[in-house]
Amino acid sequence: MDRFDDHIDEVISTNKNIDFVLMDDFNIDLCKCNKLKTMMEVNGLHQVITQPTQITLKSETLIDHIYVNEKSNFTQSGVVFVLIC
């Protein structure tokens, strides 16, 4: 996580004067572990997805993350639920 944190610091310092979005399938479940979310918040990034992004009959996970550095400029976010048969 230290290398990742260093990279996030670099991204933030390089883009201080512009609004940006950082998104990825981090495969870290924010329903169970808030370490990544906390690290991002310490670096001034805010997670805009707050609902589980994968739901099965047995589990719910929030592994798809979208972080922004300026929340007020992003007015809408959410999860589109699709049934896969």
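Residues numbered from 1 in each chain as written. Predicted model: local features only at pLDDT ≥ 70, side-chain atom pairs only at ≥ 80, totals over all residues. Heavy atoms only, no water.

Undergrad: Outline the overall build of the protein, listing residues and values.
TA: Looking only at helices and strands, the protein has two helices and five strands in total. The N-to-C order of helical and strand elements in the protein reads α-β-α-β-β-β-β. With respect to the three principal axes, the spread of C-alpha positions in the protein is 45 × 30 × 15 Å. For the protein, the residues scored as buried account for 27% of the 85 residues in total. (Helix = DSSP H or I, 4+ residues; strand = E, 2+ residues; numbered from the N terminus. Buried < 20%, exposed > 50% of the residue type's maximum accessible area, 1.4 Å probe, protein only.)

Undergrad: Got a sec to walk through helix 2 (residues 35-42)? Specific residues and values, please.
TA: Every buried residue of helix 2 is accounted for by Leu36, Met39 and Met40. Looking straight down helix 2, one finds its buried side chains confined to an arc of 100°; they lie on one side. (Arc of directions from axis to C-beta.)

Undergrad: Which residues make up the confidence of the model for the protein, and what values go with them?
TA: Detailed reading of the predicted coordinates is not advisable wherever pLDDT falls low. When the pLDDT values of the protein are averaged, the result is 82; 94% of them are 70 or greater. When pLDDT is averaged over each element of the protein, strand 4 (residues 60-61) comes out on top at 91 and helix 1 (residues 2-14) at the bottom at 78. (pLDDT = per-residue confidence, 0-100.)

Undergrad: An account of the pairing of strand 5 (residues 64-68) is needed here, citing residue identities and associated values.
TA: Where strand 1 (residues 21-25) meets strand 5, five bridges bridge the pair, whose relative direction is antiparallel. Directly across from Asp25, in strand 5, lies its bridge partner Asp64. As defined by bridge partners, strand 2 (residues 46-47) adjoins strand 5 across two bridges and the pair is classed as antiparallel. What sits directly across from Gln47, in strand 5, is Tyr67. (Pairing = 2+ DSSP bridges.)

Undergrad: Run through the environment of Thr14, naming residues and quoting values.
TA: Looking at the element boundaries, Thr14 is found in helix 1. Residue classification places Thr14 among the exposed residues on the basis of a relative accessible area of 59%. A polar contact of 2.7 Å, which involves the side chain of Thr14, links it to the backbone oxygen of Glu10. (Polar contact = N/O pair within 3.5 Å; in protein donor to acceptor, adjacent residues only side chain to side chain.)

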